[in-house]
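# Residue-level structure breakdown
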Amino acid sequence: MSRPGLLGAYATVVRNSLMSTFTYRAHILFQMLGSVVGIVILWYLWKSIYAGSGQTMLRGMGFNQTFLYVALGAALFVLMRTWAEWFISHQIRSGDIVVHFFRPYDHMAWTFADNLGMILGNLITITVPSLVVIFLVFGAPFPDLVHWALFLPALLQACLLSFLVDYFIGITSFWTESIWGISAGKDVLVLLLSGAMIPLPWFPDGVRDVLLWLPFASLYNTPLSLFAGTDPVSMDIGFRLGLQTFWLAVFFFGVRAYFRIAARRLTVAGG
Amino acid sequence: MMTEPATPLIVLDDLKKHFRVLNRSQGLKGAFRDLFSRNFRLIKAVDGVSLTITRGEIVGFLGPNGAGKSTTIKMMTGVLEPTSGTIVINGKVPTAQRREYVKDIGVVFGQRTQLWWELPVIESFKLIKEIFRIPEADYQSNLDRLDGLVGLSKLYTQQVRNLSLGQRMLCDIAASFLHNPAIIFLDEPTIGLDVAVKAQIRTLIRTLNQERGTTILLTTHDIGDVEALCRRIILIDQGKLLYDGPTGHFTKIFGSWRTLKLLAKDGKKDDLDAALAKVAEQFPGTRPEVLEGEVVWSAVAVDQDQTPVAGVLAWALNTLPVQDVKIEEIRTESVIAQVYAGALK
């Protein structure tokens, strides 16, 4: 693990990474436009679902709650989507990862700092404009301080977990050499099972109760449900946050062990 | 950690690196069979290399592609673990004490950059300052020295992705010196660069070596690098040391060779070449030499241990249409070409 002496270096990595994201101006512009268009589509989609049902409450959620949940889910998906697994995989396949072996720091901490810079970049260029659209254009009800206070730590844990999942998949290319299939598969699973696309309360009760326990829910449903105030089952708030922390710990130690095995293989077999 | 000046900085003892590689079959059927194959062969990339290097040396690693020099460098930099044998550099074992060890070294792989691609060069330097916790005063004086040597400061504000290959290489090498490492490994630092940049890079390496006593190991295929920088050559082929000694003596590993150059009368180079083709029948230890890019002079290589150059010269002047002569030391390049072609096997 890293020592406090390297905090300055990691902070510089965050800063550099943030500066790099700003160099791709066209990319930022199109991501911003894409997110806004996505939110508009979600609004009309769910509006028509509620209109078609002729009811104001579906699965225990009003339209405003559902819209806030899915629109914010889409915004978070772009926020956390840093393509870390693609960068790691590229490093491994091109051999550029050896450059990191010549430096006295921890690869995972370095990559996380790099990732954090990208997340901050996304936050400024995409998430904030998306929130403006959600709250000002579509007039979604603005959550009170309590909800913000619950949402922010849940979001932080979700970002950490998302990074660990990406890092795990990135290292896998030590063995698979290709990452496309695994990464695409992960995206589909996460979108479907985490609540990023369909709110977990909308799943059949039995399925939903299982999904709530899985790490996918920790990525999206936990911060989203805390923010939108949807309480699908009796699982209480503290427990949801604790479960998130639990999965975070499992992935953290798992991924560290996994990286040691991969690094060992690299130094013995030459990758 | 301080080391006595007389003690060697780098010690490799009977270093070996063997890889197990699957024997691949041909075709689709073969590819499928390979999924279950246990048919491995052993590649001895490095096979018993022992050497010592003292502080302040510049050593050139030579050898054909696939000779094992990159594998040796990778083991010395701590990226690869030896199959057997030991490496001790600056009192440390590279793979065992990686975090501490890498503070002592700088590494430049000609094909890879360690600079931040999207950002101005100076941002990468600042980051290196943080990583190695270089004191502000050292950092500034290093930057000033590098600027004085190769005019680096005009590149500071340029994005790395917009640099030319030569500028990028200068910056990469400069970056590797910033934390004042005891040893710098340079893997093909001048590959693909033009003459002017090569000269700058050689100046940079030579000056910093002299001023700071930095030990430098470089691999190259460019004899110009070796002759400009290295007093010592280590030649590796098929994982074994073929030569380890002064650059000046290197040309004598096949004997005391001289090149006798002859200029044909009236431009009849073809006739002269035809006569020279049979020179080995007359004199033992001689052979006609083809000079790269030479259209005027013909040449014969003569091993003085077997035949005096004077004898061959007298024969040529008396019997061949020769207008002018030159006698030269055999070039390092020519010796290396022979080694690569397998003359020592």
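In the block above lies the structure referred to throughout.
Because the structure is predicted, anything quoted here is derived from the model rather than measured.

## Points about the overall build of chain A
Regarding its fold elements, chain A presents 12 helices and two strands. Relative to the 2.2 N^0.38 estimate, which gives 18 Å for 271 residues, the radius of gyration of chain A is 20 Å and therefore close to what a compact globule would have. Expressed along its principal axes, the backbone C-alpha trace of chain A runs to roughly 65 × 40 × 35 Å. Looking at chain A as a whole, 52% of its 271 residues are labelled buried. The contacts in chain A between residues at least 6 apart in sequence include a share of 78% that link residues at least 24 apart. When the accessible surface of chain A is totalled, it reaches about 12,000 Å², and 74% of it is carbon and sulfur. The positive charge centre, built from 15 side chains, and the negative charge centre, built from 12, are 7 Å apart in chain A.

## Brief notes about unusual backbone geometry
All names here are of chain A. At Arg-59, a residue that is not glycine, the phi angle is positive and equals roughly 50 degrees. Its location among the elements puts Arg-59 in the loop between β1 (57–58) and β2 (61–62). Look at Arg-59 and you get partly exposed, because its relative accessible area is 41%. The phi torsion at Trp-83 lies on the positive side, around 60 degrees, for a residue other than glycine. Within the secondary structure, Trp-83 is located in the loop between α3 (63–80) and α4 (84–94).

## Here we look at the interface of chain A and chain B
At the interface, 35 residues of chain A touch 29 residues of chain B. Interface area, chain A with chain B, both sides summed: about 2,900 Å², of which 58% is carbon and sulfur. Among the residues of chain A in contact with chain B, A:Phe102, A:Arg103 and A:Pro104 are the three that bury the most area, contributing 24% of the side total. At the surface where chain A touches chain B, the tally comes to four salt bridges. Here B:Glu81 ties to A:Arg264 by a salt bridge, and the two come within 3.0 Å at their closest N and O atoms. Here chain A and chain B share nine residue pairs in polar contact (both at pLDDT 80 or more) between them. Only α1 (7–21), α5 (98–101), α6 (107–137) and α12 (237–269) of chain A provide two or more residues apiece to the side of chain A that touches chain B. Of the residues forming the side of chain A that touches chain B, the biggest block, nine residues, is contributed by α1(A). Partitioning the side of chain A that touches chain B into residue classes produces 16 nonpolar, 12 polar and seven charged.

## A closer look at the packing of aromatic side chains
Residue and element names in this part refer to chain A. Summed over the entire model, instances satisfying the criterion amount to 28 aromatic pairs over all chains. Seen from their ring centres, Phe-67 and Phe-138 are 5.5 Å apart, and the 65 degrees between their planes marks the pair as edge-to-face. In this pair, Phe-67 sits in helix α3 while Phe-138 sits in the loop between α6 and α7 (145–176), placing the two residues 71 residues apart along the sequence. Judged by its relative accessible area of 1%, Phe-67 falls in the buried class. Using a relative accessible area of 18% as the deciding quantity, one classes Phe-138 as buried.

## Details of the layout of surface pockets
One simple way to see leftover space: roll a probe sized like a water molecule over the atoms. Of the volumes computed, that of the largest pocket is approximately 1,200 Å³. The wall of the largest pocket is formed by 42 residues, among which A:Phe87, A:Asp114, B:Trp116, B:Trp117 and B:Glu118 lie closest to the centre. Within the residue set of the lining of the largest pocket, elements represented by two or more residues are α1, α2 (25–53), α4, α5 and α6 of chain A together with α4 (121–131) of chain B. No other element matches the 10 residues that α6(A) contributes to the lining of the largest pocket. Class assignment of the residues belonging to the lining of the largest pocket gives a composition of 17 nonpolar, 19 polar and six charged.

## Concerning the pairing of strand β8 (residues 232–237) of chain B
Residue and element names in this part refer to chain B. Counted residue by residue, β8 has six buried out of six residues, so it is predominantly covered. Alternating positions in β8 separate into two faces, Arg-232, Ile-234 and Ile-236 on one and Ile-233, Leu-235 and Asp-237 on the other, with burial throughout. As paired strands, β8 and strand β9 (residues 240–246) are joined by six bridges and run antiparallel to one another. Looking at the pairing, Leu-235 lines up with Tyr-243 of β9.

## Examining helix α11 (residues 221–228) of chain A
Residue and element names in this part refer to chain A. Of all eight residues in α11, eight are buried, a share of seventy percent or more. For α11, every residue scored as buried is listed here: Asn-221, Thr-222, Pro-223, Leu-224, Ser-225, Leu-226, Phe-227 and Ala-228. Where α11 is buried, its residues contact α3, α6, α7, α10 (215–219) and α12. One or two positions beyond α11, positive phi appears at Gly-229, with a value near 70 degrees.

## Notes on a nonpolar patch on the surface
Residues and elements named next belong to chain A. Taken together, the side chains of Phe-22, Leu-116, Leu-120, Leu-123, Ile-124, Val-128, Val-132, Leu-136 and Val-137 define a hydrophobic patch exposed on the protein surface, amounting to about 760 Å² of accessible area. Tracing the chain through its elements places Val-128 in helix α6. Judged by its relative accessible area of 41%, Val-128 is partly exposed.

## Some remarks on the sheet that holds strand β1 (residues 10–22) of chain B
Residue and element names in this part refer to chain B. Spatial strand order, β2-β1-β4: three strands in an open sheet with antiparallel pairing. Edge strands, defined here as strands with exactly one partner in the open sheet, are β2 (40–53) and β4 (84–89). Within the sheet, the average angular offset between the axes of one strand and its neighbour, ignoring direction, is 25 degrees. In terms of strand pairing, β1 meets β2 through 11 bridges, oriented antiparallel. Across the sheet, the residue bridging to Leu-12 is Leu-51, located in β2. Across the sheet, helix α2 (residues 69–76) touches β1, β2 and β4, and the angle it forms with β1 is around 115 degrees.

## With respect to the pattern of salt bridges
Residue and element names in this part refer to chain B. Per the counting criterion, the structure on display carries 27 salt bridges over all chains. Between Glu-100 and Lys-103 there is a salt bridge, with the nearest N and O atoms lying 3.4 Å from each other. In this structure Glu-100 comes out as partly exposed when scored by relative accessible area, which is 39%. For Lys-103, a relative accessible area of 33% translates into the label partly exposed. Taking the shortest distance from any N to any O, the salt bridge between Arg-232 and Asp-244 comes out at 2.8 Å. On the criterion of sequence distance, the pair formed by Arg-232 in strand β8 and Asp-244 in strand β9 is long-range, its members being 12 residues apart.

Basis of the calculations
Along each chain, residue indices are assigned from 1 in the same order as the chain's sequence is written. Just so you know, chain letters begin at A and ligand numbers begin at 1, following the order they were written in. Whole-chain, interface and lining totals are the exception, using all residues; otherwise, since this is a predicted model, local features are given only for residues with pLDDT of at least 70 and side-chain atom pairs are given and counted only at 80 or more. Side-chain measures were taken over the full set of non-hydrogen atoms in the model, leaving aside hydrogen atoms and water. Each helix corresponds to a stretch of at least 4 residues labelled H or I by DSSP, and each strand to a stretch of at least 2 residues labelled E; elements are numbered beginning at the N terminus. Values of the radius of gyration come from C-alpha atoms, whereas the globule rule sets the reference at 2.2 Å times the count of residues to the power 0.38. Only protein chains enter the accessibility calculation, which uses a 1.4 Å probe; a residue whose area is less than 20% of its type maximum is buried, one above 50% is exposed, and one in between is partly exposed. Residues are treated as being in contact if the distance between any of their heavy atoms lies within 4.5 Å. Using a 1.4 Å probe, accessible areas were evaluated by the Shrake-Rupley method; residue-level cover was limited to the displayed protein chains. Positive charges are assigned to Lys and Arg, negative charges to Asp and Glu, while His and the chain termini are left out of the count. Charged side chains are reduced to one point each, which is NZ for Lys, CZ for Arg, CG for Asp and CD for Glu. Two parts placed together each lose some accessible area under a 1.4 Å probe, and adding up what both lose gives the buried area. For this document, the term salt bridge refers to a Lys or Arg side-chain nitrogen within 4 Å of an Asp or Glu carboxyl oxygen. Distance and chemistry together define a polar contact, namely a pair of N or O atoms within 3.5 Å, with one atom able to donate a hydrogen and the other to accept it when in protein, and with adjacent residues in sequence counting only for side-chain atoms on both sides. Only Asp, Glu, Lys and Arg are considered charged, only Ala, Val, Leu, Ile, Met, Phe, Trp, Tyr, Cys and Pro nonpolar, and every remaining residue, Gly among them, polar. Any two rings among Phe, Tyr and Trp, with Trp reduced to its six-membered ring, count as a pair given centres within 6.5 Å; such a pair is stacked if its planes are under 30 degrees apart, edge-to-face if over 60, and tilted if neither. Cavity: a set of points on a 1 Å grid over the protein atoms alone where a 1.4 Å probe fits but cannot get out. Pocket: an open set with protein on both sides within 12 Å along at least five of seven lines, its lining residues, like those of a cavity, having an atom within 4 Å of a point. Grid points are joined across faces, edges and corners, and a volume is the space filled by probe spheres set on the points. For two strands to be treated as a pair, DSSP must find no fewer than two bridges joining them. Surface patches are drawn from residues lacking salt bridges whose relative accessible area is over 30%; two like charges belong together within 9 Å, two nonpolar side chains (Val, Leu, Ile, Met, Phe, Trp, Tyr) within 5 Å. The axes are straight lines fitted to the C-alpha atoms, using for helices just the contacting stretch, and the angles between their N-to-C directions are given from 0 to 180°.

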